Amino acid sequence: MKIVVLAGGHSPEHDVSLSSGSLIANALLENGHEVVLLDLYEGLRLTAPLASYFHAPGSGAPFSYRVPEVAAELQPLSADASLIGPGVMELCRFADLVFLSLHGSMGENGQIQAIFDAYGISYTGTGYIGSLLAMDKDLSKQLMASHGVLTPRWSIYDPAVPSDIPFPCVVKPCSCGSSVGVALAEDAPSLALALGKAGDYDDRLLIEERIVGREFSVGILDGRALPPIEIVVTEGFYDYRNKYQPGLTKELCPAPISEALCQKLQTLALTVHSALRLGYYSRIDFIVDAGEQPYCLEANTLPGMTPTSLLPQEAAAAGISYTDLCEKIAQAGVKERRR
């Protein structure tokens with residue numbers, strides 16, 4: 001197949017996306033596909049036949065991209081700017097499949113999925129409705145709660161209404177991933193600082209009860225819950241730097257937990273996946289308190305595929321190699337379009 005790996009975009013998770021996209025592109029080349037790695041926002045000035053932009057298996061050096069320690073600072077968009085760069089739609093319509101490696105903004109909020117649906121373009125992952133529901137932390141937490149899944153208490157920040165969430169608490173942009181803009185608040189002064197930090201990334205901010213405990217993630221692949229992975233941070237919390245810089249976090253997979261807790265996490269992950277109408281694959285994040293009570297934090301429709309990402313490690317624990325994981329996701333995207 002000719003496959004566009006679509007990454008980058010005008011998003012603070014731009015760098016994470018390109019790191020994921022590089023590995024995905026290499027895996028697809030290894031699997032015998034023709035591949036182009038394309039930045040959604042930067043695009044590509046097309047000066048040659050479309051087929052010539054696709055790398056053939058075994059041609060040239062593999063793709064690579066290293067995630068810096070700090071999230072990308074976005075430049076303000078001009079009034080006439082487009083979030084879709086030149087040549088993107090032409091190459092995506094020409095390809096057999098678009099493998100979505102986008103994180104944040106229009107890559108995960110359903111916008112690009114809706115556009116592709118309108119043009120009949122095959123793509124991987126969740127459709128536009130599930131993407132929208134999962135990306136908006138307020139909506140997704142409401143749906144979790146309505147399906148009996150515990151999630152930390154939360155409120156949407158309103159400067160005119162005092163929050164009823166006690167300290168310590170967590171402040172998050174309502175529609176960002178990769179812990180971008182997330183900060184802990186211990187008191188009123190630190191809350192003000194946290195709100196300012198999160199406000200750089202989103203107009204809607206969420207104040208969430210802080211649950212102290214162990215962090216876990218459960219991947220879903222083709223209706224099956226993968227082995228849970230435990231995340232152990234050596235210092236601080238699981239923020240952007242700890243997520244993407246090698247050696248700062250330990251991931252234990254399969255997680256060293258009881259069979260009962262394992263099954264509970266997997267069942268809850270499947271419930272959240274279904275409630276949010278997610279697609280072929282996802283990743284559901286949890287924190288478990290001292291009494292082994294899980295709280296669901298969020299759902300990810302396009303989990304990271306970087307060297308330190310969780311889903312590939314969970315798949316490996318289930319006997320699925322990285323190249324096989326990418327192939328399964330790609331074939332599912334083609335099958336979904338045909339269906």
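A quick note: this is a predicted structure, and the numbers were derived from the prediction, not measured.

### Remarks on the packing of helix 5 (residues 128-135) against helix 6 (residues 137-146)
Moving on, step 1. Between helix 5 and helix 6, whose axes approach to 5 Å, the crossing angle comes to 95°. On the basis of the axis angle, helix 5 is roughly perpendicular to helix 6. Of the residues in helix 6, those touching helix 5 at L133, A134 and M135 are K137, L139, S140 and L143.
Moving on, step 2. Counted by class, the contact of helix 5 with helix 6 contains five nonpolar, one polar and one charged residues.

### Section: the sheet that holds strand 2 (residues 34-39)
In any sheet, the strands associate via hydrogen bonds between backbone groups, in a parallel or an antiparallel arrangement.
Moving on, step 1. The three strands lie next to each other as 2-1-3, forming an open sheet whose pairing is parallel. The open sheet terminates on both sides in strands that have one partner only, identified here as strand 2 and strand 3 (97-100). With strand direction ignored, the average angle separating the axes of adjacent strands in the sheet is 25°.
Moving on, step 2. In this sheet, strand 2 lies alongside strand 1 (residues 2-7) in parallel orientation, the contact comprising six bridges. From the neighbouring strand, V4 faces strand 2, where its bridge partner is V36.
Moving on, step 3. Of the strands in this sheet, strand 1, strand 2 and strand 3 are in contact with helix 1 (residues 14-30), which crosses strand 1 at around 165°.

### Digging into the sheet that holds strand 6 (residues 183-185)
Moving on, step 1. Strand order in this open sheet of four strands is 4-7-5-6, and the pairing throughout is antiparallel. Either end of the sheet is taken by a strand with one partner, and the two such strands are strand 4 (154-156) and strand 6. Each adjacent strand pair in this sheet contributes to an overall mean axis angle of 25°, direction not counted.
Moving on, step 2. Sheet analysis places strand 4 next to strand 7 (residues 205-209), joined by three bridges and oriented antiparallel. Its bridge partner lying in strand 7, I156 is registered against L206.
Moving on, step 3. Sheet strands in contact with helix 7 (residues 188-198) are strand 5 (169-173), strand 6 and strand 7, and its direction is about 20° off that of strand 5.

### Focus on the UniProt feature "active site" (unreviewed entry) in the protein chain
Moving on, step 1. The sites that UniProt annotates as "active site" (unreviewed entry) are E13, S178 and S309.
Moving on, step 2. Inspection of the secondary structure puts E13 in the loop between strand 1 and helix 1.
Moving on, step 3. By secondary structure assignment, the location of S309 is in the loop between strand 13 (294-300) and helix 10 (310-317).

### Comments concerning the pairing of strand 3
Moving on, step 1. Side-chain alternation along strand 3 places L97 and F99 on one buried face and V98 and L100 on a second face that is also buried.
Moving on, step 2. Two strands pair when backbone bridges link them, and strand 1 and strand 3 are joined in this way by four bridges, in the parallel orientation. When the sheet's bridge partners are listed, V4 is paired in strand 3 with V98.

### Comments concerning helix 7
Think of an α-helix as turning once every 3.6 residues; residues three or four places apart then point the same way.
Moving on, step 1. Regarding helix 7, the residues found buried are S190, L191, A194, L195 and A198. Down the axis of helix 7, the sector holding all buried residues measures 140°, keeping them to one side. Among the exposed residues of helix 7, those oriented more than 90 degrees off its buried face are P189 and L193.
Moving on, step 2. Contact partners of the buried residues in helix 7: strand 5, strand 6 and strand 7.

### Considering the packing of aromatic side chains
Think of a pair of aromatic rings as described by two things: how far the centres are apart, and how the planes are tilted against each other in angle.
Moving on, step 1. Inspection of the entire model under this criterion finds two aromatic pairs.
Moving on, step 2. The interplanar angle of 45° and the centroid separation of 6.0 Å between the aromatic rings of F54 and F94 together place this pair among those described as tilted. You can see F54 sitting in the loop between strand 2 and helix 2 (88-94) and its partner F94 sitting in helix 2, a full 40 residues away along the chain.
Moving on, step 3. The class of F94 is partly exposed, set by a relative accessible area of 37%.
Moving on, step 4. Here the aromatic rings of F116 and Y123 are separated by 6.0 Å at their centres, their planes lie at 45°, and the arrangement is tilted.
Moving on, step 5. The buried category is assigned to F116, whose relative accessible area is 0%.
Moving on, step 6. On the basis of relative accessible area, Y123 is assigned to the buried category, the value being 11%.

### Thoughts on the side chain of S282
Moving on, step 1. Locating S282 in the fold gives a position in strand 12 (residues 281-288).
Moving on, step 2. Judged by relative accessible area, which is 0%, S282 ranks as buried.
Moving on, step 3. A polar contact is formed between the side chain of S282 and the side chain of H273, at a distance of 2.7 Å.
Moving on, step 4. Sequence-distant contacts of S282, defined by excluding residues within four places in its chain, comprise V218, G219, I220, H273, N300, P303 and L311.

### Regarding helix 4 (residues 111-119)
Moving on, step 1. For helix 4, the set of buried residues is I112, Q113 and F116. Looking straight down helix 4, one finds its buried side chains confined to an arc of 100°; they lie on one side.
Moving on, step 2. Packing partners of the buried residues in helix 4 comprise strand 1, helix 2, strand 3, helix 3 (105-108) and helix 5.

### Concerning the nonpolar core
Moving on, step 1. V4, L6, L28, V98, F99 and F116 are the most contacted members of the largest nonpolar core, which has 47 residues in total.
Moving on, step 2. Listed by contribution, the elements that provide at least two residues to this core are strand 1, helix 1, strand 2, helix 2, strand 3, helix 4, helix 10 and helix 11 (322-338).
Moving on, step 3. Looking at which element gives the most residues to this core, the answer is helix 11, with six residues.
Moving on, step 4. Those residues within four positions of V98 in sequence are excluded, and the remaining contacts are V4, L6, C92, F116, I121, S122, Y123 and T124.
Moving on, step 5. Residues L261, L265, L268 and I284 belong to the second largest nonpolar core, which totals 23 residues.

Cut-off values and rules
Residues numbered from 1 in each chain as written. Predicted model: local features only at pLDDT ≥ 70, side-chain atom pairs only at ≥ 80, totals over all residues. Heavy atoms only, no water. Axes fitted to C-alpha atoms, helices over the stretch in contact; angles between N-to-C directions. Helix = DSSP H or I, 4+ residues; strand = E, 2+ residues; numbered from the N terminus. Parallel < 35°, antiparallel > 145°, perpendicular 65-115°, else oblique. Contact = heavy atoms within 4.5 Å. Nonpolar A, V, L, I, M, F, W, Y, C, P; charged D, E, K, R; others polar. Pairing = 2+ DSSP bridges. UniProt positions renumbered as here; feature names shortened; annotations may be inferred. Buried < 20%, exposed > 50% of the residue type's maximum accessible area, 1.4 Å probe, protein only. Arc of directions from axis to C-beta. Phe/Tyr/Trp six-rings, centres within 6.5 Å; stacked < 30°, edge-to-face > 60°. Polar contact = N/O pair within 3.5 Å; in protein donor to acceptor, adjacent residues only side chain to side chain. Core = buried A, V, L, I, M, F, W, Y, C linked by side-chain atoms within 4.5 Å.

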